[in-house]
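Residues per chain, in single letters:
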2 protein chains.
Amino acid sequence: MYVLDAKSKTPLHIQLYKAIKEDIIANYKVGDKLPSIRKVATLYNLSKNTVESAYAQLYAEGYVQSRAKSGYYVSELFFDSFRVEKETVPTSNAIPKAYRYDFFPAQLHREDFPLKTWKRLYTKVVTDEVDFGAYPDGQGELVLREQIAAYLRSSRGVVCSAEHIIITNGFIGAMELIAKLLKERYSDFAQEMPGYHIARKIFDAYGYTIHPVGVDAQGLKIEELKKTQAHIVYITPSHQYPTGVAMPIARRQQLIAHMQRISGVIIEDDYDSELAYYTRPIPSLQGLDGGSCVVYLGTFAKALSPAVRVGYMVVPEWIHTLYKESYDSHFSGVSITTQLTLAAFMQEGHWERHLRRMRTLNKKKHNAMKEAIVTHLGNSCKIIAEGGGLSLLIVPTKEGFSWQKLQVLAEQEGIVIYLAKERSGTAFEALRMGFGGFRLEEIDEAVRAFAKVWFMAYLA
Amino acid sequence: MYVLDAKSKTPLHIQLYKAIKEDIIANYKVGDKLPSIRKVATLYNLSKNTVESAYAQLYAEGYVQSRAKSGYYVSELFFDSFRVEKETVPTSNAIPKAYRYDFFPAQLHREDFPLKTWKRLYTKVVTDEVDFGAYPDGQGELVLREQIAAYLRSSRGVVCSAEHIIITNGFIGAMELIAKLLKERYSDFAQEMPGYHIARKIFDAYGYTIHPVGVDAQGLKIEELKKTQAHIVYITPSHQYPTGVAMPIARRQQLIAHMQRISGVIIEDDYDSELAYYTRPIPSLQGLDGGSCVVYLGTFAKALSPAVRVGYMVVPEWIHTLYKESYDSHFSGVSITTQLTLAAFMQEGHWERHLRRMRTLNKKKHNAMKEAIVTHLGNSCKIIAEGGGLSLLIVPTKEGFSWQKLQVLAEQEGIVIYLAKERSGTAFEALRMGFGGFRLEEIDEAVRAFAKVWFMAYLA
């Protein structure tokens, strides 16, 4: 029986939503049917609207799935991760623990940042260039866009000029903008599954219908994509998130041919293509397509710093026109100081040098992580993705391994671990062994400490 | 006859949309009816869907209005401003002109920024505190939230703690987040008309139905609001945008009573309440309500710098809960460096001192602008809003004054002027005489130069 308070300042549908959510987490199994909307409305003397709102929220957050003419059922896809979250995520009032080891796969080590150069350039630009009284250009400062365009043309084969670049606060800002610009034209959005779940969430919030499309050893399955209604597809072709596969050229060409035929749009997220340790990075899809149907996304978060919050997108001419028509009077969300400092950093050649340094350093960290995994975990796990980015992916060589148990044990030992499914919204079962946030010499001891809890879960 | 190219990379519906738009601007009058969708489809051998997409875009951008069972008509609301834009806005490829005088009402003068202190604090925090390898906290860095909470409690009577504050890149970031958080619960959004048109645009993009509500000498008309279905209302009670009126306490209480009764949400945008020159600022609506149904928005753009891109919102507990449930794993779009520098700036007392200085300085600029208007424009205009913010509002004392002519003439003389309707999306006819971007001693000569084109338009 849920306790609802009609006099509370929290609306009834939210009270109900919370109560059902807690009930699901505590008492339901995957596939269990929820009581009908009518039944709950009668039982608690609520309007049908109130109950519908509560169910809609549970649905939107993935707790339940709806089956046509049948009702709501506890979702398979999301249940595991929510259960895990419930047990391990501290509440917002809790004081965060000091962790001994954090395997966060998108972290860099603070000492790897070129602080001295950055400080010098910041002081220079705020003294000589920045107008603190002005708003930034909506598309981003021209000098920075020119630097990025030159870099992308030479290093990633992207066909672009400064005119086609929009500076953003990173991934979310870029995706929100695309979702808005294209929503009058398209209504169906496809993405890799498993894939980066925030992409889906953003397009869902703008009312797009979401089509998950499977991934095999060559990335997104084109035939499966063709069966959907999707005119927009979000992909990570250089280094598929989270499986790590790279899409070969033949499939890239198939994808482009299909999307050109249906006048659709490919969103190419090239988030960490700079960090390939054993292969030459495959040139961008955008370059292959000539820039007509691809929106290209990049970021400075993976190789320079996630703290500075700068990313960018390259858009085709016709999307740029839409942008100017609707958003010409908007201001960029990225501070002028950061933009001009970064522009100077690139202009003086520091970015290219820093990239080479980070590639060498992260390759060493990658190899140290691999060696430590082999040494300390031995045959209990298999490495299923390696060679790029800031993490390796491992899976246990055992059926029925309890990820939940592993997380609880790790938490107790002050070790933070990251399951691939947490940010991919699927049942993709693997562990992301991030190495970017460690010093090179810390990696072995971190994995050794982790091995202790790993084997406790493994042998349980 | 429109020329459409089926082989172009630009989709047909976009080609059509552009062609019709140009046609409207060049050849249509307000109220003219567009040909029916069926007719255009037949004429150009296009699918009905293609034509519908083109019309939907014209509708979304405000070029046309639809009347039930009748068709599409050229819109009254937007036509004037679009016509003006067409003639005066440079295309994106054009080289921007160097303007002699810019009356932009949201600009500050670069010399008014506390650069020396800011540089010192930046250097300190990036050396000692910032982890360039980490992502920022999604809600914003705790130290900054604590500083903002303390400031809002003491200066604006806002009921809050750091827990309820979310740091954003400014207005757009804040409004997007609210639109997303509330969209499962509410579907109808009201705002002042005239009012800040970007607010409406953001909620429109998330599928809300928009209800414009009139404004009188006490601000938003509550009785008119009550007649709408709106459960969310966006207002600027301290200094209504763009009319400049302040909402008195009695109406504030009526508004709160109504929104509490319907379990709705008030979005209080307190964008420049710090800059009141002749009255004590009225305490926030949020404080009056006790923080139960008000989302409070503030910014550092109007008194510190629009270039640093930092704003914040204060949300009620139940909205904070929704936020944590959906966005706990997101990262803030504001760089850690900016956040920590600003926190140190506030912590050392510079913010309060700077505010006092800016209030004094801007009061002088405000008075200089007023005096220059009286001196140089005399009886040809009337000041309809003054006493706060970064601009005064004037209207001509003559019927049939051509704003369009004024803009063309000003452009020719290298003077940038800002009509109130440009960012308020209505026929509200007034000119915003911004003074924040000038040095105090420049104001008289700027208005003198402006007077020349003003009288040319006035006497035409």
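Residues numbered from 1 in each chain as written. Chains lettered and ligands numbered in written order. Predicted model: local features only at pLDDT ≥ 70, side-chain atom pairs only at ≥ 80, totals over all residues. Heavy atoms only, no water.

S.K.: Where do I start with the interface of chain B and chain A in this structure?
M.R.: Accessible area lost during the coming together of the parts is what is often quoted as the interface size. Listed as interface residues are 79 residues of chain B and, on the opposing side, 80 residues of chain A. Both sides together, the interface formed by chain B and chain A hides about 6,600 Å², and carbon and sulfur atoms give 53% of it. Three residues stand out in chain B for area buried against chain A, namely B:Arg110, B:Phe132 and B:Tyr135, and they jointly supply 11% of the buried area on that side. Applying the counting criterion to the chain B and chain A interface returns two salt bridges. A salt bridge links A:Lys180 to B:Glu176; the shortest N-O distance between them is 2.3 Å. Linking chain B with chain A are 31 residue pairs in polar contact (both at pLDDT 80 or more). When contributions to the side of chain B that touches chain A are tallied by element, the ones reaching two or more residues are helix 1 (12-27), helix 3 (48-60), helix 5 (115-128), helix 7 (171-182), helix 8 (197-205), helix 12 (317-327) and helix 13 (336-347) of chain B. When residues in the side of chain B that touches chain A are grouped by element, the largest group, eight residues, is from helix 5 of chain B. Split by residue class, the side of chain B that touches chain A holds 34 nonpolar, 22 polar and 23 charged. (Contact = heavy atoms within 4.5 Å. Buried area = accessible area lost by both parts, 1.4 Å probe. Salt bridge = Lys/Arg side-chain N within 4 Å of Asp/Glu carboxyl O. Polar contact = N/O pair within 3.5 Å; in protein donor to acceptor, adjacent residues only side chain to side chain. Helix = DSSP H or I, 4+ residues; strand = E, 2+ residues; numbered from the N terminus. Nonpolar A, V, L, I, M, F, W, Y, C, P; charged D, E, K, R; others polar.)

S.K.: Please explain the sheet that holds strand 6 (residues 209-216) of chain A as it appears in this structure.
M.R.: Where strands meet in a sheet, backbone hydrogen bonds hold them as pairs that are either parallel or antiparallel. Residue and element names in this part refer to chain A. Reading across the sheet, the eight strands line up as 4-11-10-9-8-5-6-7 and stay open at both edges, with mixed pairing between neighbours. Of all the strands in the sheet, the pair left with one neighbour each is strand 4 (165-168) and strand 7 (219-220). In this fold helix 6 (residues 142-156) packs onto strand 4, strand 10 (294-299) and strand 11 (311-314), with an angle of close to 110° to the strand it touches most, strand 4. Contacting strand 6, strand 7, strand 8 (232-235) and strand 9 (265-269), helix 10 (residues 249-261) crosses the sheet at an angle of about 145° to strand 9. (Pairing = 2+ DSSP bridges. Axes fitted to C-alpha atoms, helices over the stretch in contact; angles between N-to-C directions.)

S.K.: What exactly am I supposed to notice about the relation of the copies chain B and chain A here?
M.R.: Related by rotation about an axis and a shift along that axis, the two copies of the chain form a pair. Superposing chain B onto chain A takes a rotation of 180° plus a shift of 0.0 Å along the axis, which leaves an RMSD of 0.1 Å. Expressed as an axis order, the relation between the two copies is that of a two-fold axis. For chain B, the residue whose C-alpha comes nearest the rotation axis is B:Tyr206, separated from it by 2.8 Å. Same-surface contact between copies: 100% of interface residues of chain B are shared with the interface of chain A. (Least-squares fit on C-alpha atoms with pLDDT ≥ 70 in both.)

S.K.: Before we go on, may I ask you to explain the pattern of salt bridges in this structure?
M.R.: For side chains of opposite charge, pairing can occur when their charged atoms come near one another. According to the stated counting rule, one finds 32 salt bridges over all chains in the structure shown. Across the pair A:Arg448 and A:Asp444 runs a salt bridge whose closest N-O atoms are separated by 3.4 Å. One end of the pair, A:Arg448, and the other, A:Asp444, are both in helix 16 (residues 443-458), four residues apart, so they sit about a helical turn from each other. For A:Asp444, a relative accessible area of 34% puts it in the partly exposed group. With a closest N to O distance of 3.5 Å, B:Glu223 and B:Lys226 form a salt bridge. Within this pair, B:Glu223 and its partner B:Lys226 are both found in helix 9 (residues 222-226), separated by three residues, close to a single helical turn. Via salt bridges that share partners, A:Arg100, A:Glu413 and A:Lys452 belong to a single interconnected network. (Buried < 20%, exposed > 50% of the residue type's maximum accessible area, 1.4 Å probe, protein only.)

S.K.: Mind showing me how you'd approach the packing of helix 7 of chain B against helix 8 of chain B here?
M.R.: Two packed helices can be described by the angle between their axes and the distance between those axes. Residues and elements named next belong to chain B. Two numbers describe how helix 7 lies on helix 8: the axes approach to 9 Å, and their chain directions differ by 35°. Crossing hand, helix 7 versus helix 8: right-handed. From helix 7, Phe-171, Ile-172, Met-175, Glu-176, Ile-178 and Ala-179 reach across to helix 8, where they touch Ile-198, Ala-199, Ile-202 and Phe-203. Classifying every residue of the contact of helix 7 with helix 8 by side-chain character gives nine nonpolar, no polar and one charged. (Left-handed = near helix turned anticlockwise from the far one by under 90°.)

S.K.: Would you take a moment to explain helix 16 (residues 443-459) of chain B for this structure?
M.R.: Along an α-helix, a turn takes 3.6 residues, which lines up residues three or four apart on a common side. Taking 1.5 Å of rise per residue, 17 residues should cover 24 Å, and helix 16 of chain B covers 24 Å from first to last C-alpha, within 8% of that figure. The largest bend in helix 16 of chain B is about 25°, located at B:Ala451. (Expected span 1.5 Å × (residues − 1). Bend = angle between axes of the 7 residues up to and from the residue.)

S.K.: Just checking my understanding: could you explain the pairing of strand 5 (residues 188-193) of chain B for this structure?
M.R.: Consecutive side chains of a regular strand alternate in pointing toward one face of the sheet and then the other. All names here are of chain B. The element strand 5 is extensively covered by neighbouring structure, given that six of its six residues are classed as buried. Here six bridges tie strand 5 to strand 6 (residues 209-216), and the two strands are oriented parallel to one another. Considered in strand 6, the bridge of Ala-190 is made with His-211. Considered for its hand, the β-α-β crossover made up of strand 5, helix 8 and strand 6 is right-handed. In terms of strand pairing, strand 5 meets strand 8 (residues 232-235) through three bridges, oriented parallel. Paired with Gln-191 across the bridge in strand 8 is Tyr-234. (Right-handed = clockwise from strand over helix to strand, strands pointing away.)

S.K.: What should I look at first to understand the domain arrangement of chain A in this one?
M.R.: Domain parsing of chain A yields domain 1 (12-98), domain 2 (115-351) and domain 3 (353-456). For domain 1 of chain A versus domain 2 of chain A, the distance between C-alpha centres works out to 34 Å. (Domains from an automatic or database assignment.)

S.K.: Explain the side chain of A:Ser284 here, please?
M.R.: All names here are of chain A. Note on placement: Ser-284 falls in the loop between strand 9 and helix 11 (285-289). Of the residues examined, Ser-284 reaches a relative accessible area of 2% and is grouped as buried. Among the polar contacts listed, one links the side chain of Ser-284 to the backbone oxygen of Arg-156, at a separation of 3.0 Å. A distance of 3.1 Å separates the side chain of Ser-284 from the backbone nitrogen of Gly-287, its partner in a polar contact.

S.K.: Honestly, helix 15 (residues 403-412) of chain B in this entry has me stumped. Any pointers?
M.R.: When helix 15 of chain B is considered as a whole, its buried residues turn out to be B:Trp403, B:Leu406, B:Gln407, B:Leu409 and B:Ala410. Taken from the residues just after helix 15 of chain B, B:Gly414 is the one with a positive phi, measuring 75°.

S.K.: Is there a simple way to explain unusual backbone geometry in this structure?
M.R.: Excluding glycine, residues mostly carry a negative phi; peptide bonds, for their part, are mostly trans. Looking along the chain, the bond that leaves A:Met193 and enters A:Pro194 is cis, with omega of 5°. Of note, A:Pro194 is situated in the loop between strand 5 (188-193) and helix 8 (197-205). B:Pro242 follows B:Tyr241 through a cis peptide bond whose omega is 0°. Examined against the element boundaries, B:Pro242 turns out to sit in the loop between strand 8 and helix 10 (249-261). If you check the backbone angles, A:Asn45 has positive phi at about 55° while not being a glycine. Note that A:Asn45 resides in the loop between helix 2 (37-44) and helix 3 (48-60). A positive phi angle is found at B:Arg309, which is not glycine, with a value near 55°. Note that B:Arg309 resides in the loop between strand 10 (294-299) and strand 11 (311-314).

S.K.: What's the story with the nonpolar core in this structure? I'm lost.
M.R.: Formed by 112 residues in total, the largest nonpolar core has its most connected members in A:Met175, A:Phe203, B:Met175 and B:Phe203. Filtering out sequence-adjacent residues up to four positions away, B:Phe203 remains in contact with B:Met175, B:Ile178, B:Ala179, B:Phe189, B:Tyr208, B:Ile210, B:Ile232 and B:Ile267. Counting 72 residues, the second largest nonpolar core, distinct from the first, contains A:Ala343, A:Trp351, B:Val158 and B:Tyr312. (Core = buried A, V, L, I, M, F, W, Y, C linked by side-chain atoms within 4.5 Å.)

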